[in-house]
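Letter by letter, the chains look like this.
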Amino acid sequence: MEISRIRALRGPNLWSRHTSIEAIVSCTEAECDINALPEFEPRLRTRFPDIKFLEPAAGQPFSLAHALESAALCLQAQAGCPVTFSRSVATVEAGTYQVVVEYTEEQVGRLAFDLAEQLIRSALEDTPFDLESALKRLQELDEDIRLGPSTGSIVQAAVARGIPYRRLTEGSMVQFGWGSRQLRIQAAETGFTSAIAESIAQDKELTKTLLDAAGVPVPNGRSVSDAEDAWKAACEIGSPVVVKPRDGNQGKGVAVNMKTREDVLNAYAVAHAISEDVIVERYISGHDYRLLVVGTQLVAAARREPPQVTGDGEHNIAQLIEQVNRDPRRGDGHATSLTKIRLDDIARATLAKQGYTAESVPPKGVRVVLRNNANLSTGGTATDVTEDVHPDLAARAVEAAQMVGLDICGVDVVCETVIQPLEEQGGGIVEVNAAPGLRMHLQPSYGKGRAVGEAIISTMFKDGDDGRIPVVAVAGTNGKTTTVKLIAHLLTANSHRVGMTGTDGVYISGKRIDTGDCSGPRSARNVLMHPDVDAAVFETARGGVLREGLGFDRCNVAVVTNIGEGDHLGLNFITTVEDLAVVKRVIVQNVAPGGTAVLNAADPMVASMASVCPGSVTFFARDVHHPVMTMHRAQGRRVVYVDGDAIVAAEGRNAQRIPLADIPLTRGGTIGFQVENAMAAIGAAWGLGIDWDVVRKGLLSFVNDAQSAPGRFNLFSYKGATLIADYGHNPDAIQALVNAVESMPAKRRSVVISGAGDRRDIDLRRQTEILGDAFDSVVLYEDACQRGRAEGEVVGLLRDGLANAKRARSVKEIKGEFAAIDAALADLAEGDLCLILIDQVEEALAYIAEKVKQ
Ligand SMILES: Nc1ncnc2c1ncn2[C@@H]1O[C@H](COP(=O)(O)OP(=O)(O)O)[C@@H](O)[C@H]1O
Ligand SMILES: [Mg+2]
């Protein structure tokens, strides 16, 4: 068994909507059916008893590739990843399979494939395989990479509402929504969280001043300049007091319930070691509560208890900690609902203050606290008290968050009980936190978990807002780029700022921000990340779909123009036009439920994609009597077709007529393939709900760049053939023309060319070298200006360039530009394409225009 290529499909793909690893696996003949390897299965099952064999497709034997598939899926599932999809498909090459296995984290999926391969080999060779360590590696990697519980809860809530998300970092920075509708979070902070509010929350002194000003109870106190000043402040306030860093966190350097001068002086030194600025404030007796405010609501509250053990009169403190840590809910990090209690320097110091060491045996029933703060991450516990909070107390917490200006705020309250207002019990708010941890509310150690993620998402996105912008995907063999540009133009006419990708770059509101072939998922994702994009139109080439899947989870409109033989077959096991159709179908399979697929009814393979579309279908074809069109129309569904001199968009009894004369792209309907592209774009605009007046205006104002200037890609239609006139006369221009022309459909291709005498020999030859590989027939002519060259010299060089032509079979030599044009036109049949490289621009264009009229 050989694995020759591994890919991560990061979006909806050929096989499914799931993110998956795809591998090419070749098996020897014996390996194609494990029944031929009698020892293999029992050995595999001893090594991995829980492996489930996934049934191969009907009639196929179970191969080693299938065993690899089963192992890669089951290893991930055993490690706790929620994966279910996998498949192995035989390719046209005997013994070679495409093996596809879902993942939730790409790196975990890749590791699972590695380990699965090792497992298969160990079963083949009867060598040991350490299942336990394999699963542990997967689990650890997954825990390391996947989103933490706080961010994860927000993402889950978004997904439940259909809001797309994307991780921007390996950490907890996530984008929700697309383009101009996107919002970002980082853990429990949002794009709305003000940096100033965050700074205020960092400063406990300033926070208290502001809260006090808003009438929220806080422990009075002040900043102190040195140890003596701390004691002075303690005397002013009256003992007991709290000494703490002005900008600390996680309870570091906080000393509570300080009464004597000596205590206060020591506490100052400890706090000062953490921060330059130290504050002294009144000590409030009672419990620690954390109130979570999101927007203007209190959404959760928890009582927090510092890590502690209770004496049994037998075991020492170290042993008691060990006992507590045996609780399976206590993990090492943030992933579990509780964290292990650490017996470190802070714990030892806290014990010392209570007159203990780790070896002391506390009497039965005596509570020994190991830390002064109740953070879950240092071993504390949380009990949900959300339902107990007195409305006045809740109101104070919300006022505190508002005063500081935090949209998501963790409010630390010290008081005896939350069932009473703070004022009645002398309680107070000791600080507020930006980016509060959510774990204590999601999975409290005791009591009910709260839907905190949902609360955060619903303050970011109003009901019914899923953060999406309209997305159009266009696939097909010919006409993609024009269709994409026209749809983008119609959206622009509809006041959208459009992001557009295609084979010639990425455009944002008409400005090119990337060049080259940008028809893959990376460019699509870049557009969806851009803040100034209200709608997106993506040319979706098959390369990207095969390599990585789509760059979006679903689209509002999918357009498939046609499927031609012209595409390169043979790559990636795409050997037939049917295989190609399966690739282009992916965008149709991923139309949103309320969306539309715009399909060419005249192309049977495109028309048949209707059956996989989760949304509705609009068919287009020139001929409204095409059976697919007739049927669809009779069912009252949307069709777009040509009737006389207009394109008609009809649905039941309603119809819109748009005269071809008002769609300059089609040259009054004379350029057949542009009529097709216009119909496709009209179908897309209709699916997007753009007003018909806007569609008409947009169609009228759309000019293909190539059309606007005389001599630059001027298109004509002649007896059903397409003529392109251009004055390009150097190898680069000719290469660009060939590229442009290659994407246009044509039966036979011919070209008319002359050479100017002032060009280098090598350039003259190069021109026809390029053309000879792209055209079936070439007409050479000698133009007016030979600039000192001997008669026949230039044409001779052009002829030389055709010596090794891959395609050109017919070469004609004609004297005079008009005669050459006549000769080329005479050979044209319907569906052909002819490129005329003109010399005397105005005269030649006038001559062609006259010919076309006849
Ligand atoms: N004035 C106070 N009275 C009583 N306990 C306090 C007071 N200030 C702080 N504490 C205790 O110390 C803990 C940590 O203090 P806090 O101001 O919240 O700082 P941190 O930013 O380190 O969390 C609090 O959760 C509370 O238990
Ligand atoms: Mg705190």
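One structure accompanies this document, and this report is about it.

Parameters and conventions
Residues numbered from 1 in each chain as written. Chains lettered and ligands numbered in written order. Predicted model: local features only at pLDDT ≥ 70, side-chain atom pairs only at ≥ 80, totals over all residues. Heavy atoms only, no water. Phe/Tyr/Trp six-rings, centres within 6.5 Å; stacked < 30°, edge-to-face > 60°. Helix = DSSP H or I, 4+ residues; strand = E, 2+ residues; numbered from the N terminus. Buried < 20%, exposed > 50% of the residue type's maximum accessible area, 1.4 Å probe, protein only. Lys NZ or Arg CZ within 6 Å of the ring centre and 35° of its normal. Donors = N, O, S within 2.8 Å, 3.2 Å for Na, K, Ca; no water. Axes fitted to C-alpha atoms, helices over the stretch in contact; angles between N-to-C directions. Parallel < 35°, antiparallel > 145°, perpendicular 65-115°, else oblique. Contact = heavy atoms within 4.5 Å. Nonpolar A, V, L, I, M, F, W, Y, C, P; charged D, E, K, R; others polar. Expected span 1.5 Å × (residues − 1). Arc of directions from axis to C-beta.

Quick look at the packing of aromatic side chains now. Summed over all chains, the structure comprises four aromatic pairs. Seen from their ring centres, Phe538 and Phe552 are 5.6 Å apart, and the 20° between their planes marks the pair as stacked. Pair noted here: Phe538 is in strand S26 (residues 535-539) and Phe552 is in the loop between helix H17 (542-548) and strand S27 (555-560), with a separation of 14 residues, a long-range link. Exposure class is identical for Phe538 and Phe552. Each is buried. One Lys or Arg, Arg45, reaches over the ring of Phe53 and ends 4.4 Å from the middle of that ring. Over the aromatic face of Trp178 sits the side chain of Arg468, whose NZ or CZ is 4.9 Å from the ring centroid.

Within the protein, the magnesium ion (ligand 2) binds to Asp412 (OD) and Glu431 (OE); these donor distances fall in the range 2.0 Å. With a gap of 19 residues between them, Asp412 in strand S20 (residues 408-415) and Glu431 in strand S21 (residues 428-433) connect regions that are remote in the sequence. An identical accessibility class is assigned to Asp412 and Glu431; each is buried.

Our next topic: the packing of helix H25 (residues 731-742) against helix H26 (residues 761-772). Where H25 contacts H26, the axes come no closer than 9 Å and their chain directions differ by 10°. What the angle tells us is that H25 and H26 run roughly parallel. Here Pro731, Ile734, Gln735 and Val738 of H25 come into contact with H26, specifically with Asp763, Arg766, Gln767, Ile770 and Leu771. Considered class by class, the residues forming the contact of H25 with H26 number five nonpolar, two polar and two charged.

As a further point, take helix H9 (residues 261-274). Side chains that are three or four residues apart share a direction in an α-helix, a result of its 3.6 residues per turn. The first and last C-alpha atoms of H9 sit 20 Å apart over 14 residues, in line with the 20 Å expected at 1.5 Å per residue. If you check which residues of H9 are buried, you get Val264, Ala267, Tyr268 and Ala271. On an axial view of H9, the arc spanned by its buried residues comes to 110°, and they lie on one face. Every exposed residue of H9 that faces more than 90 degrees away from the buried side is listed here: Glu262 and Ala273. Those residues of H9 hidden inside the fold are in contact with strand S9 (221-224), helix H8 (227-237), strand S10 (241-245), strand S11 (255-258) and strand S12 (278-282).

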